Amino acid sequence: MTYHQVANQTSYLSQNGDHAADESGGAFTESITFWAYVSGVDVLGQAEGAVVTLGDSITDGNNSTRNANHRWPDFLADRLIAVPGPTRLGVLNVGISSNRLLNNTWNPNALSRLDRDVLTATGARSVIVMLGINDIGGQPQHHEPSQIIAALGQIAAQAKAKGLRATGGTLTPFGGSSNYTQELEGVRQAVNHFIRHGGAFDAVADFDAALRDPAAPNRLRATYDSGDHLHPNDAGYQAMAAAVDLDKLDTRPPGHWVGTWQTAMARTTPGADQGMPNHSIRNVVHTSVGGDAARVRLSNVLGTASVLIGRATLAVATRPDAPDAVAGTMRALTFGGAPSVTIPAGGEVLSDPVSLAVPADGDLLVTVYTPAPSGPVTEHPRSYQTSFITADGDHAADEQGTAFTQPTTAWYYATGVDVRSTTARGTVVTFGDSITDGDRSTTNANLRWPDVLADRLAAQPGPTKLGVVNSGISGNRILDSSTGSGIGGPNAFARLSRDMLTTSGARTVILLEGVNDILNLERPDPEALKLALRQIAAQAHAQGLRVVVGTITPIKGWRSYTEERENVRQVVNEFIRTSDDFDAVVDFDAVVRDQADPQRISPGYDSGDHLHPSDVGYRAMAEAIDLGTLR
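Source: prediction; values computed, not measured. (Residues numbered from 1 in each chain as written. Predicted model: local features only at pLDDT ≥ 70, side-chain atom pairs only at ≥ 80, totals over all residues. Heavy atoms only, no water.)

Colleague: Which parts of the structure should I look at to understand the packing of aromatic side chains?
Modeller: Under the criterion given, the structure shown has 5 aromatic pairs. With a centroid separation of 5.2 Å and 80 degrees between ring planes, the pair formed by Trp 261 and Trp 411 is classed as edge-to-face. Here Trp 261, found in strand 12 (residues 257-262), pairs with Trp 411, found in strand 26 (residues 411-412); they are 150 residues apart in sequence, far enough to count as distant. Note on accessibility: Trp 261 and Trp 411 belong to one class, buried. For the cation-ring pair, Arg 295 lies above Trp 257, with the distance from its terminal atom to the ring centre recorded as 4.3 Å. The ring of Phe 431 carries the charged tip of Arg 495 above its face, separated from the ring centre by 4.1 Å. (Phe/Tyr/Trp six-rings, centres within 6.5 Å; stacked < 30°, edge-to-face > 60°. Helix = DSSP H or I, 4+ residues; strand = E, 2+ residues; numbered from the N terminus. Buried < 20%, exposed > 50% of the residue type's maximum accessible area, 1.4 Å probe, protein only. Lys NZ or Arg CZ within 6 Å of the ring centre and 35° of its normal.)

Colleague: Honestly, a nonpolar patch on the surface in this entry has me stumped. Any pointers?
Modeller: Taken together, the side chains of Met 1, Tyr 3 and Tyr 37 define a hydrophobic patch exposed on the protein surface, amounting to about 420 Å² of accessible area. Its place among the elements puts Tyr 37 in the loop between strand 4 (35-36) and strand 5 (49-55). Among the residues examined, Tyr 37 registers a relative accessible area of 61% and is labelled exposed. (Patch = residues over 30% accessible without salt bridge, like charges linked within 9 Å, V, L, I, M, F, W, Y side chains within 5 Å. Areas by Shrake-Rupley, 256 points an atom, 1.4 Å probe, with all protein chains shown as cover. Salt bridge = Lys/Arg side-chain N within 4 Å of Asp/Glu carboxyl O.)

Colleague: Can you walk me through the pattern of salt bridges in this structure?
Modeller: A side chain with one charge may pair with a side chain of the opposite charge, provided their charged atoms come close. Per the stated rule, a full pass over the model turns up 30 salt bridges. One salt bridge in this structure joins Asp 418 and Arg 295, with 3.0 Å as the shortest N-O distance. Taken together, the positions of Asp 418 in strand 27 (residues 414-420) and Arg 295 in strand 15 (residues 291-299) put the pair 123 residues apart, joining distant regions of the chain. For the pair Asp 418 and Arg 295, one class covers both residues: buried. Three or more residues are tied together by salt bridges with common partners; here these are Glu 185, Arg 188, Arg 196, Asp 206, Asp 208 and Arg 212.

Colleague: How should I be thinking about the pairing of strand 7 (residues 124-130) in this particular structure?
Modeller: The side chains of a regular strand alternate between both faces of the sheet. The element strand 7 is extensively covered by neighbouring structure, given that 6 of its 7 residues are classed as buried. Both strand 5 and strand 7 contribute to a ladder of 6 bridges, which runs parallel. Of the residues in strand 7, the one forming a bridge with Val 51 is Ser 126. (Pairing = 2+ DSSP bridges.)

Colleague: Could you clarify how one ought to interpret the sheet that holds strand 24 (residues 387-390) in this entry?
Modeller: Adjacent strands of a sheet pair through backbone hydrogen bonds, lying either parallel or antiparallel. If you walk across this open sheet you meet the 6 strands as 18-17-22-14-24-25, and the pairing is antiparallel. The two strands at the open ends of the sheet, each matched to only one other strand, are strand 18 (331-332) and strand 25 (406-408).

Colleague: What is the right way to look at the packing of helix 13 (residues 526-542) against helix 14 (residues 563-578) in this model?
Modeller: With their axes 9 Å apart at the nearest point, helix 13 and helix 14 run at an angle of 30 degrees to one another. Crossing of helix 13 against helix 14: the hand is right-handed. Contact residues: helix 13 offers Pro 526, Leu 529, Lys 530, Leu 533 and Arg 534, while helix 14 offers Val 568, Val 571, Val 572, Phe 575 and Ile 576. When grouped by side-chain class, the residues that make up the contact of helix 13 with helix 14 number 8 nonpolar, no polar and 2 charged. (Axes fitted to C-alpha atoms, helices over the stretch in contact; angles between N-to-C directions. Left-handed = near helix turned anticlockwise from the far one by under 90°. Contact = heavy atoms within 4.5 Å. Nonpolar A, V, L, I, M, F, W, Y, C, P; charged D, E, K, R; others polar.)

Colleague: Looking at this model, I keep getting lost on the packing of helix 11 (residues 492-501) against helix 13. Mind explaining?
Modeller: Between two packed helices, the angle of one axis relative to the other and the distance separating the axes together describe the packing. Put simply, helix 11 and helix 13 touch, their axes get as near as 11 Å, and they point 30 degrees apart. With respect to their mutual orientation, helix 11 and helix 13 come out roughly parallel. For the pair helix 11 and helix 13, the crossing hand works out as right-handed. Facing helix 11, whose interface residues are Ala 492, Phe 493, Leu 496, Met 500 and Leu 501, helix 13 presents Ala 532, Gln 535, Ile 536, Gln 539 and Ala 540. Grouping the constituent residues of the contact of helix 11 with helix 13 by class yields 8 nonpolar, 2 polar and no charged. (Parallel < 35°, antiparallel > 145°, perpendicular 65-115°, else oblique.)

Below, the structure is given as structure tokens:
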């Protein structure tokens, strides 16, 4: 069961059948203190947006009065409601008791849950971050503040990249609690100095100053202490809410950052369970739109241990099939100003921007050096692009690629590149399976249908207005995952937030999914697929994205084809063509099918396996997209 453990709210359970629609609660005889399955409620109203409060047990409201809604985010909501006029902002609480920045001791670390709990929260305009006390005082204890500071900086950077205003909350006193030491107090003070003066946040809520005892600043005031010397009481939580400046919860001004390249992480690298120590990995990636600055996203989303990126660089490639950089374009990447960064298990990091003339429809080199053993390496295995590896130390900053002697067809750790552009107004996210991934297209030629779509957009008169990024995973399914047994990656719902909804500048998604469910599930259910497509569209719409859905292309001749599976495809395609759940439809099926045998791909568009199009077939798919539907 998926649940939120410390609710400080009584809910109710009946083990006697379906009582979901009962107005009377008589059947609900068992009291529980957790929330099961329910993760959020949205309303349609006049509010301008929501403030997301991200934290641990102090945001979760530990030791507040049960059923009284006296957590500090509740008191903050009360303050906003009391402001004259319509309530502008709702307040969402995504605190998790015992949550940490750096590891998953009891629950997912903050970076690994950032996309689903903050960046895709409906109406999110602002985030208040209060995290780090469990990394300092819990087990294992962190006796050096730098990694905590780096993680807080990453949360602020990723929130700002999504257009949110980021407020940092200082860590409150814990003197007298069971794990307190003077050494750990020094770590807390260093972290608080960064929050107050480091410049990572747009504003600061000084919770420490609001709650500390003037006579013993390492302790909570006695009148604010719940008794465990760590968690405030109701009065303390109210004082915390009062420390938030309501005028600093407005949305950041929109930036001009758009995604130019992206890939979706699908699995961990076979045979690399301890990572790639002392390796440099040079990923070759292809841009859609250009710009005058860039930032890079690195992923450890499928890793089970932290990975240290000792150095990372970005450069323009001399050509798409070689590891050499154009002279003078090599840029060192930093993360909160530091040249190295540790990515926790399940997390992603975003580099600081670097000034670089990024070419449109060009190639970049994203190079990472991993000096130490870590854990399984997060990768996208079928890139249809040659990248390069060396096991001979740190060559991340080499302009010449002579050290990179081992070619690979996977992308490791690199998951996205954004550019700052004065002309591009947004990004199209192509989300799907192997047919979006470009399976069986020509290696290093960038002839996947999303690439051809980007070429079409670039060929329009005037500046290119939209980037195109590719979130296809070969073998991907909507209804189940194969990260442990194959290349197909997490199911579509499990990756929706990071691979679609949080893409920089995302305006439209083109969705083409379902064929692997039809061909691989023992008894594929068209109703389940229809409901799933509706749900993906609903979540995209909730983020303000336009949704274009592609019909599922022919499958006859593929090894698992049956008439029953074909019937499911036909039912799902009829739904796609006629449903009002989507903003537009592109009929890929009609484009590539054989007119003489419509259950098959046309021989002129077939790569030879009777499922994946050839380069010519991918071009026909891209040319079938009405550019007017991409706004």
